[in-house]
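Remarks on the overall topology
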Amino acid sequence: MSDNANNTTTHAALSKKFNADEPRVDWHDETLWFVRSKRDKAANALPEWEELRETASQIKNNVLSNMSGYLQQFEEKARQNGMVIHWAPDAKAHNEIVLSILKRHGVDRMVKSKSMLTEECHLNQYLQQNGVEVIDTDLGERIVQMRQEPPSHIVLPAIHLKKQDVSDTFHEHLHTEKGNNDPQFLTNAARLHLREKFLTRKAALTGVNFAIAETGEFVVCTNEGNADMGAHLADVHIACMGFEKIIPQRKHLGVFLRLLARSATGQPVTTYSSHFKKPRQGQEVHIVIVDNGRSTQLGRKDFRNSLKCIRCAACFNTCPVYRRSGGHSYHTAIAGPIGSILAPNLDIKQYADLPFASTLCGSCSNVCPVKIDIHDQLYKWRQVIGKQGYAGKAKAISMQGMAFTLAHPSMYKVAGKAGRWFLRNTPFLLNNKLNPWYHQREMPASPKESFADWYKKNRQPNNE
Amino acid sequence: MSIANNTTGLQSPPSGDGSAILQAIKANQPAPVALVEIPAFTPFFDDVVAKYMEVLTAIGGDVYLVNSNEEIIEKIKLQFPGAGRIVSFCAEFAGIAEEKTPGSSAHSYENVDVFIMKPALAVAENSAVWITDNDVPVRVLPFIAQSVVAIIRRQDIVATMHHAYDKIADVDYGFATFIAGPSKTADIEQSLVLGAHGPKTMTVFIQQ
Ligand code: SF4
């Protein structure tokens, strides 16, 4: 897999690249907006939606404040349940632990379901360098893995690709009929290809959506069933989790499972919500609990809320910058608004540009199911980055890039369309005092002025 | 991590204990915040059976109201005419299914066409059924079968996930799962395809 954290690349440069194919960018934008609309429909159907978000947020506040206690409780219970617990201070330790488990079992081929943590740790590369073949089994992840690309979205890993791309990739790797772009046909080809892997691999790695302190069990949510196919057929199940996945009690899943899929794709729940409590007879289950900068983030008063994230990607789908720049432009495993808060914690210099890859419109904070103040945190990172002397360049480049990203497509230049686009893409902009672009300015009233023209006039940031 | 630590863990990772990480977390976590109660939400619909049927249909499942096991068996025969291997852990389907006892290897089920199960709980708001390895001792079966059939009792349908967890908060199991509809993916250009890795169909019979 190629390195997606290249020092010489910036969000601005990468989004320019993404914007080279204008119709495709429009398609990407519209597709994600469609997912966002499905989320709205699902959320609006629940009268208690806001109260549910508030409850989730408060449960997570409690978790942050008693993180060490819950983790200890989880460890103890999980051990009683017969699971093996490992602690990894950083990505390197995480990867070494996984390799050591595989080596102990003489395993050199493994299936893996979706785990953004293993992307963060670059586990696949590490294992491959150490002679272990890893097959990603989530369909989207398998597609990008064949193409040697990282996922571009945490829920929809191949959202940047069109069906012709998938057809070409499968023709090359699975010898499917050339030019057959039928999603049903392509999915079935992947089903047959991956079934053989599930049946022959002795080890399966999964992510963790929630870990329950009270019971020592963990929950994995998928639509495809790939985590379960892997785990229930393997002799060794390795589950990797950032420590912030902990929640206090099983009944709290009622809150989080109601929010997760509705926020992610507008489904009432994922097809499978699997609760792993004890290994099945003859099986070993290992849980790797990872820090990798999270304890530092927990100590940052302004940014600790980012650890409440349940990785639904609603903030991606609603973000006008994400939709028009694509996940790869963020040059980090977790893209989008939340990724732009998490990444600078790991390396402020390398990711100094990301908090600037935002209009600070606040739409992300408005959709977040655990009520993370995402756009406030992006703003606060800008200040930290400024104080530490990385801002000048990062900001200049990013603002330019965003001007390009948001102003380039010709549709924005069409009189009359601008206002509509603006409303759709920056719904919470109007009263947002934090926004350096629009501070003390009204929303452009004239439909005769294109967004590009308007932007040119109003681009000077004036409040930092 | 910046904490000086000469005794444990940082450079001898495999299976090292968590004390250094837990210590760092403890030092950095905010002041205690009380755990809130989950409010008693009133369900946003009245008729749980109607809601269950509506949602399952919307997510690609098939659902029927039935009065007897005979009716179920007839419908299964009709729906899966060419099925080679039908498996169940429920004695009442011995006539059409291999009645299995726990113990056989997970891999021996790779060619199952239809798996019939009787979940103890179902959820109207998302049409999920709940099974544990107490009822389905072969964990892989509901995933590896080409089709799944679930028989639920009308009185076992609860309104929301909160009601479900009220019932299962203290249940012991090794593995348990909520299953809502056939396995699915939209990873190819957002086109919905049923039957990703797991069952291509899910049929639910609600016993009156
Ligand atoms: S920050 Fe909120 S909206 Fe974004 S992925 Fe996390 S939980 Fe979802």
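Let me sum up the structure you'll find in this document. (Residues numbered from 1 in each chain as written. Chains lettered and ligands numbered in written order. Predicted model: local features only at pLDDT ≥ 70, side-chain atom pairs only at ≥ 80, totals over all residues. Heavy atoms only, no water.)

1. Here we look at the side chain of T215 of chain A
- Looking at where T215 of chain A falls in the secondary structure, it is placed in the loop between strand 5 (210-212) and strand 6 (217-222).
- Sequence-distant contacts of T215 of chain A, defined by excluding residues within four places in its chain, comprise K77, N81, R250 and K277 of chain A. (Helix = DSSP H or I, 4+ residues; strand = E, 2+ residues; numbered from the N terminus. Contact = heavy atoms within 4.5 Å.)

2. Comments concerning the interface of chain A and chain B
- Between chain A and chain B, the residue contacts involve 97 residues of the former and 76 residues of the latter.
- For the chain A and chain B pair, buried surface summed over both sides reaches about 7200 Å², with 61% attributable to carbon and sulfur atoms.
- Among the residues of chain A in contact with chain B, W87, R191 and R250 of chain A are the three that bury the most area, contributing 10% of the side total.
- Remark: the boundary between chain A and chain B carries four salt bridges.
- One salt bridge connects D172 of chain B with K277 of chain A, and the closest N-O pair in it is separated by 2.4 Å.
- At the junction of chain A with chain B, the criterion picks out 39 residue pairs in polar contact (both at pLDDT 80 or more).
- The dominant element in the side of chain A that touches chain B, judged by the number of residues it contributes, is helix 10 (residues 183-200) of chain A, at 10 residues.
- Class assignment of the residues belonging to the side of chain A that touches chain B gives a composition of 42 nonpolar, 34 polar and 21 charged. (Buried area = accessible area lost by both parts, 1.4 Å probe. Salt bridge = Lys/Arg side-chain N within 4 Å of Asp/Glu carboxyl O. Polar contact = N/O pair within 3.5 Å; in protein donor to acceptor, adjacent residues only side chain to side chain. Nonpolar A, V, L, I, M, F, W, Y, C, P; charged D, E, K, R; others polar.)

3. Comments concerning the nonpolar core
- Judged by nonpolar contacts, the single largest core of 151 residues is most densely connected at F210 and F218 of chain A together with Y52 of chain B.
- Per-element tally for this core: the top contributor is helix 12 (residues 252-264) of chain A, with seven residues.
- Apart from residues lying up to four places away in sequence, F218 of chain A is in contact with M83, T206, V208, F210, A211, H237, A239, S274, H275, F276, V285 and I287 of chain A. (Core = buried A, V, L, I, M, F, W, Y, C linked by side-chain atoms within 4.5 Å. Buried < 20%, exposed > 50% of the residue type's maximum accessible area, 1.4 Å probe, protein only.)

4. Here we look at the site of the ligand
- Around the ligand, the structure places C309, I310, R311, C312, A313, C315, I338, C368, P369, V370, I372 and I374 of chain A.
- Grouping the amino acids of the shell around the ligand by side-chain chemistry returns 11 nonpolar, no polar and one charged. (Near = heavy atom within 4 Å.)

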